Amino acid sequence: MDKKKLVVELAEVVGVGSVFQDPEDLAAYQYDAYLSKALPDLVVFPTTTEQVSEVIKIAHREKIPFVARGAGTGISGGAIPVRGGLVIALARMNKILEVDFENRKARVQPGVINLDLSNFMKDKGFHYVPDPASQQACTIGGNVAENAGGPHCLAYGVTTNHVLGLTVVLPNGEILHTGGKALDYPGYDLTGLLVGSEGTLGVVTEIVVRIERRPEAVKTLLASFSSMLDAAAAVSAIIASGTIPAALEMMDKPTVEAVEAYAHAGYPVEAAAVLLIELEGLKDGMDRLTKKIVEICQGCKALEVKVAQNEQERLQLWKGRKCAAGAIGRICNKYYLHDCVVPRNKLVAVLSGIYQIAEKYGVQVANVFHAGDGNLHPLVPLDMADPNQVERALQAGDEILKCCVEAGGTLSGEHGIGLEKNELMPLIFREEDLNAMRKVKTVFNPEDLCNPGKIFPTPGRCVEVTQRPAKLA
Amino acid sequence: MIPDETVFKQVAELVGESNCFSEGLRPYAVDGIIPKRVVFPESVEQVSALMKLADREGLVVIPRGSGTKMGLGNIPKGVDIVLVLRKLNKILEYEPDDLTARVEAGAPLMALQKRLGEKNQFLPLDPPFYSEATLGGIVATNSNGPSRFFHGSVRDLVIGIQVVHPGGAITRAGGKVVKNVSGYDMNKLYTGSLGTLGIITELNFKLRPLPEVSKTLLLWFPSVSEAAQLVLQVSTSELLPTALEILDPKAWKRLTGDLPIENPGASFSLAVKLEGLSENVERQILQMSKWGQQQGSTKGEVLSGDLHHKFWDKIQNHPQTLPGEALHVIQGKASLWPSKVKDFFQAMAGLGDRYHLDPLMLSHAGSGIVYIYFLLETAAPDFPTLSAILSEMRSLAARSGGSLVLETAPTELKKHIDVWDSAGDSLKVMKLLKEQFDPHEILNPGRFVGGI
């Protein structure tokens, strides 16, 4: 179809001001937080489920690929329109439609920013639990697509555990409703199947989430160690002690140094590893529990254990963790952030492996991660002026992933496969496993119009990981 | 197509003569349909070979664990082979430091809990038929108990799965780690799919540490209103109970009659399961008792130790403990908005009065789940009328934001009513999924939602 005609038709659905076609406007929608980019042909800004449905019906009729986009904070390339076509930007679908405190559920549009939902309920003492590091910017819709995590997912689960119902527009424009404010619905758990499907099965336009009371008591501890080994041993000892903290985060020496230079969070720079531990629950017994955790850390040769005495101190301790990626971004112009998961009893072995790999390829690596659930985030600084360094960094990254997989781990814990790791899927899944997933895709998205080029390895492509198709920004 | 004897000979060869039975199969009948063979495969490879043969020959396969929930579902379109997974019952991996375990689908939940208990850990599932149910069966039927209020449901605890598809493909999804977004979350698709997409052969779970202290607070109220009001007050407060259970007087009597707890007469009971540090369990007991009195609670009691555990055994095993020797048992499960539990109880009581039926009800009230039992002693109940009543109940559930599934019903009644509620506009996609995964409809055909 002629592009002009298409613009006119789309504008009839969403309004003239809600279709972008100028190159300078489109440029902002060619990338997300991954290293690659691809220009869309058009960007549309629908505001209702019906508009999304009409837009998709047009795209389906004309066989134009389309990609839904939230805030573009994803790091696996999920929002990049690799085959051009439409970007369906959901930023204007940002209404909180319903907050039902009695049933502890909220119904939101996909463009609602994660933190805005929690802030909206703050004075009632409620919040939405999953808290990705980008929660000030990322949208609930994006969280649903990637099944996002966050530090507090250790105790409370990831996005999928908090999503109970969806309205979704299928790639042919049909509108589908799954789940709702009750717990069990007849039939297959399509809600669960859609969460984490990276926008490849349809476009979610409404989401029913759990909301919870904020905990009565919170204790935050910072323990520093002279070796990663000791810190990892403390993680195991805490888990084995029968306590599951709300959050259990680890940072290594390069991270701590970068963080301190940037944020002055009061982290001990001489430490080789720092654990940030948060306990939540009722105030009764909290002091005893805190004491127990302090003793466990001391038993694992902690250099120092600080307990935040008030909210200000608590925020100060979190400040370092929350700005870790930004702090590292300050010492290098770009970095490659990985997102692999290993069984928690393999943390020590895998971390040692990661440092060895970095040394082998002559690259730096900083580790800041959700230790409590084994979700590693090795950050490899990239020197964009040096293509050779970048190539070595990418190779190191692939080997790190292999190291995690060999330890019984997986490719992604909370950021998704996207177009970053799709060629690596055969590392963890056999053809039969991928075929089962392809069957699901065939049902929802038979013509591969909806977010094409993601998750699945390119047919016929060699699995050799050095052939990563990354186009660098 | 009528499968001939040569096909069944091949079935026997695949699993071995000693694992294939052709006689005395009445106990394995599904809604009265007696299978032609019952097989007990000993490995996933045997399951795969069976599925390949069954798919090729069009043999209907009904997967089965311990058989505790074989009554769930509509009448199957046929039953050629009942595939029993009880010989695939190993605990394959248990990593206490990682709080994860990998098990074969035929392993009983109890066996796993025993093993985990040695390390002060557990799988926080407390479904009915607790002492017999297999993990594969629990996952396939999405079978949950009172503790789902705090610990989540089956879907929240399965982190990896192995499934054999029609045609024989052995597939895996998820993995051993507790956080995983690599590929579609197939765990969710298979959980609660009643064996209509594949045969679950292995499962990975995430585990929890056992609580330091575990107690029960019992409070009694003159009507369901006050009990339900307290449930809402507690569930929206900072308190952290594990389970909030409401029982009507008749259900209470049948369930707890032989326990040394003083009979509260015609009161509605609220049972709260509390787990955690001793300080916070005690504090919650005090606070909820106080709130209970403010709501008009007439009496309270705290259970601990053995009695606490025996009490929750009775509650969670309600499908076994409640019906007793009743001639016909009809049990429905309504899943509602938690705020509507009170209305539903009251409407059901009204409906019972109108039709001279005597419903017994218990509810995982914090989660909005209500179980309704009709225990019938008439030799030949009027099933058409009953099915009309059940349709009315379904409308009540819909008005309360939810749906109603008949989990137990005489086969005769199933001829008059779909045991499942409507899947709405998502049924179309569900049917397409079934078509993709089981194109020849050999797995549990007709038993699931919308004729799947």
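Residue numbers here run from 1 along each chain, matching the order of that chain's written sequence. Throughout, the order in which chains and ligands are written sets their labels, letters from A for the former and numbers from 1 for the latter. Residue-level local features of this predicted model are given only where pLDDT is at least 70; pairs of side-chain atoms are given and counted only at 80 or more, and the full residue set underlies all totals for whole chains, interfaces and linings.

### Quick notes on the overall build of chain A
Here comes step 1: Only runs of H or I of at least four residues qualify as helices and only runs of E of at least two qualify as strands under DSSP, and these elements are numbered from the N terminus. From N to C terminus, chain A includes 15 helices and 20 strands.
Here comes step 2: Radius of gyration: over C-alpha atoms. The globule rule applied is 2.2 Å multiplied by the number of residues raised to the 0.38 power. For 473 residues, the compact-globule formula gives about 23 Å, and the C-alpha radius of gyration of chain A, at 22 Å, lands near that figure.
Here comes step 3: Counting only C-alpha atoms and orienting by the principal axes, one finds that chain A spans roughly 70 × 55 × 45 Å.
Here comes step 4: With C-beta atoms placed from the backbone, a residue counts as buried when 20 or more other C-beta atoms lie within 10 Å of its own, as exposed when 12 or fewer do, and as partly exposed for counts between those limits. Burial statistics for chain A: of 473 residues in total, 58% are counted as buried.

### Looking at the overall build of chain B
Here comes step 1: In terms of helices and strands, chain B carries 16 helices and 19 strands.
Here comes step 2: In summary, chain B has a C-alpha radius of gyration of 22 Å against a globular reference of 22 Å for 452 residues, a match within 12%.
Here comes step 3: Taken along its principal axes, the extent of the C-alpha atoms in chain B is 70 × 55 × 40 Å.
Here comes step 4: Out of the 452 residues in chain B, the part that is buried amounts to 57%.
Here comes step 5: A separation threshold of at least 6 residues defines the contact pool for chain B, and within that pool the share at least 24 residues apart is 73%. Contact between two residues is assigned when their C-beta atoms, built from the backbone, lie within 7 Å.

### Focus on the sheet that holds strand S3 (residues 66-69) of chain A
Residues and elements named next belong to chain A.
Here comes step 1: Strand order in the open sheet formed by 4 strands is S1-S2-S4-S3, with mixed pairing between adjacent strands. Since the sheet does not close on itself, it has two edges, and those belong to strand S1 (19-20) and S3, each with one partner.
Here comes step 2: Judged from the 2 bridges that link them, S1 and strand S2 (residues 42-44) form a sheet pairing that is antiparallel. Residue pairing across strands places Phe 20 opposite Val 43, the latter belonging to S2. Note: two strands are recorded as paired if DSSP finds a minimum of 2 bridges between them.

### Things to note about the domain arrangement of chain B
Residue and element names in this part refer to chain B.
Here comes step 1: When cut into domains, chain B gives domain 1 (5-86), domain 2 (91-209), domain 3 (213-308) and domain 4 (323-425).
Here comes step 2: Between the C-alpha centres of domain 3 and domain 4 the distance comes to 25 Å.
Here comes step 3: At the junction of the two partners, domain 3 supplies 15 residues and domain 4 supplies 14 residues.
Here comes step 4: Among the elements that line the side of domain 3 that touches domain 4, the one with the most residues is helix H8 (residues 224-235), at 6 residues. An automatic or database domain assignment supplies the start and end points of every domain.

### So, the nonpolar core
Here comes step 1: Judged by nonpolar contacts, the single largest core of 290 residues is most densely connected at A:Val44, A:Ile88, A:Ala234, A:Val235, A:Leu275 and B:Ile246.
Here comes step 2: A per-element tally of this core places helix H14 (residues 387-406) of chain A first, with 8 residues.
Here comes step 3: Setting aside residues up to four positions removed in sequence, B:Ile246 forms contacts with B:Val224, B:Ala227, B:Ala228, B:Val231, B:Phe268, B:Leu270, B:Val341, B:Leu362, B:Ser363 and B:Ala365. By our criterion, buried Ala, Val, Leu, Ile, Met, Phe, Trp, Tyr and Cys residues that link up through C-beta atoms within 7 Å make up a nonpolar core.

### So, the interface of chain A and chain B
Here comes step 1: Counting from both sides, the interface comprises 76 residues of chain A and, opposite them, 75 residues of chain B.
Here comes step 2: Among the secondary structure elements, those contributing two or more residues to the side of chain A that touches chain B are strand S9 (175-179), helix H7 (190-194), helix H8 (228-240), helix H10 (286-299) and helix H15 (431-444) of chain A.
Here comes step 3: The residue classification treats Ala, Val, Leu, Ile, Met, Phe, Trp, Tyr, Cys and Pro as nonpolar and Asp, Glu, Lys and Arg as charged. All others, Gly included, are polar. Per-class residue counts for the side of chain A that touches chain B are 32 nonpolar, 28 polar and 16 charged.

### Quick look at the sheet that holds strand S5 (residues 96-100) of chain A
All names here are of chain A.
Here comes step 1: Spatially, S5-S6-S10-S8-S9 is the arrangement adopted by the 5 strands of the open sheet, whose pairing is antiparallel. Looking at which strands have only one partner, the edges of the open sheet turn out to be S5 and S9. Each adjacent strand pair in this sheet contributes to an overall mean axis angle of 10°, direction not counted.
Here comes step 2: Relative to strand S6 (residues 105-108), S5 runs antiparallel, the two being bridged by 4 bridges. Within S6, the position partnered with Asp 100 by the bridge is Lys 105. Inter-axis angles, ranging from 0 to 180 degrees, are taken between N-to-C directions of lines fitted to C-alpha atoms, where helices are fitted over the stretch in contact.

### Quick word on helix H11 (residues 305-316) of chain B
Here comes step 1: Taking 1.5 Å per residue, 12 residues should reach 16 Å; H11(B) reaches 17 Å between its end C-alpha atoms and fits that length.
Here comes step 2: The inward-facing, buried residues of H11(B) abut strand S12 (213-221), strand S13 (243-247), helix H9 (249-256), strand S14 (268-276), strand S15 (299-303) and helix H12 (318-321) of chain B. Any helix carries an expected span of 1.5 Å times its number of residues minus one.

### Points about the environment of A:Thr200
Residue and element names in this part refer to chain A.
Here comes step 1: One can find Thr 200 in the loop between H7 and strand S10 (203-210).
Here comes step 2: The buried category is assigned to Thr 200, around which 27 C-beta atoms lie within 10 Å.
Here comes step 3: The spacing of Thr 200 and Phe 66 is 134 residues in sequence and 9.7 Å in space, taken between C-alpha atoms.
Here comes step 4: Those residues in contact with Thr 200 that lie beyond four places of it in its chain are Lys 441, Asn 445, Cys 450, Asn 451, Lys 454 and Ile 455.

### Focus on the packing of H8(B) against helix H13 (residues 341-355) of chain B
Residue and element names in this part refer to chain B.
Here comes step 1: Look at H8 against H13: their axes get within 9 Å of each other, and the N-to-C directions meet at 160°. Accordingly, the angle class assigned to the pair H8 and H13 is roughly antiparallel. As for the relative orientation of H8 and H13, their crossing is right-handed in sense. Here Val 224, Ser 225 and Ala 228 of H8 lie close against H13, whose contacting residues are Val 341, Lys 342, Phe 345 and Gln 346.
Here comes step 2: Considered class by class, the residues forming the contact of H8 with H13 number 4 nonpolar, 2 polar and 1 charged. Here roughly perpendicular refers to angles of 65 to 115 degrees, roughly parallel to angles under 35, roughly antiparallel to angles over 145, and oblique to all remaining angles. With the far helix as reference, a near helix turned anticlockwise by less than a right angle produces a left-handed crossing, and one turned clockwise produces a right-handed crossing.

### Overview of the domain arrangement of chain A
All names here are of chain A.
Here comes step 1: Domain annotation for chain A reports domain 1 (3-89), domain 2 (96-213), domain 3 (217-327) and domain 4 (329-467).
Here comes step 2: Placing the centre of domain 2 and that of domain 4 at their C-alpha centroids yields a distance of 25 Å.
Here comes step 3: Facing 15 residues of domain 2, the contacting portion of domain 4 comprises 20 residues.

### Quick word on the pairing of S14(B)
Along a regular strand, successive side chains alternate from one face of the sheet to the other.
Residues and elements named next belong to chain B.
Here comes step 1: Of all the 9 residues making up S14, 9 are buried; the element is thus mostly covered by neighbouring parts of the structure.
Here comes step 2: Residues Phe 268, Leu 270, Val 272, Leu 274 and Gly 276 line one face of S14 and the alternating positions Ser 269, Ala 271, Lys 273 and Glu 275 line the opposite face, and both faces are buried.
Here comes step 3: Pairing of S12 with S14, which is carried by 9 bridges, proceeds in the antiparallel orientation. The residue of S14 that forms the bridge with Phe 221 is Phe 268.
Here comes step 4: Bridge count for S13 against S14 is 5 bridges, and the pairing is antiparallel. Directly across from Ala 243, in S14, lies its bridge partner Lys 273.

### Observations concerning the environment of A:Ala11
Residue and element names in this part refer to chain A.
Here comes step 1: Topologically, Ala 11 is positioned in helix H1 (residues 3-14).
Here comes step 2: A residue is classified by how many C-beta atoms lie within 10 Å of it, and Ala 11, with 15 of them, is partly exposed.
Here comes step 3: Spatially, the C-alpha atom of Ala 11 lies 8.5 Å from that of Val 44, the residues being 33 residues apart in sequence.
Here comes step 4: Not counting chain neighbours up to four residues away, the residues in contact with Ala 11 comprise Val 16 and Val 19.

### A closer look at the confidence of the model for chain B
Here comes step 1: The pLDDT value tells you how sure the predictor is about a given residue, anywhere from 0 up to 100. Residues with a pLDDT of 70 or more make up 99% of chain B, whose mean pLDDT is 96.
Here comes step 2: Interface scoring of the predicted complex returns ipTM 0.97; its pTM is 0.96.

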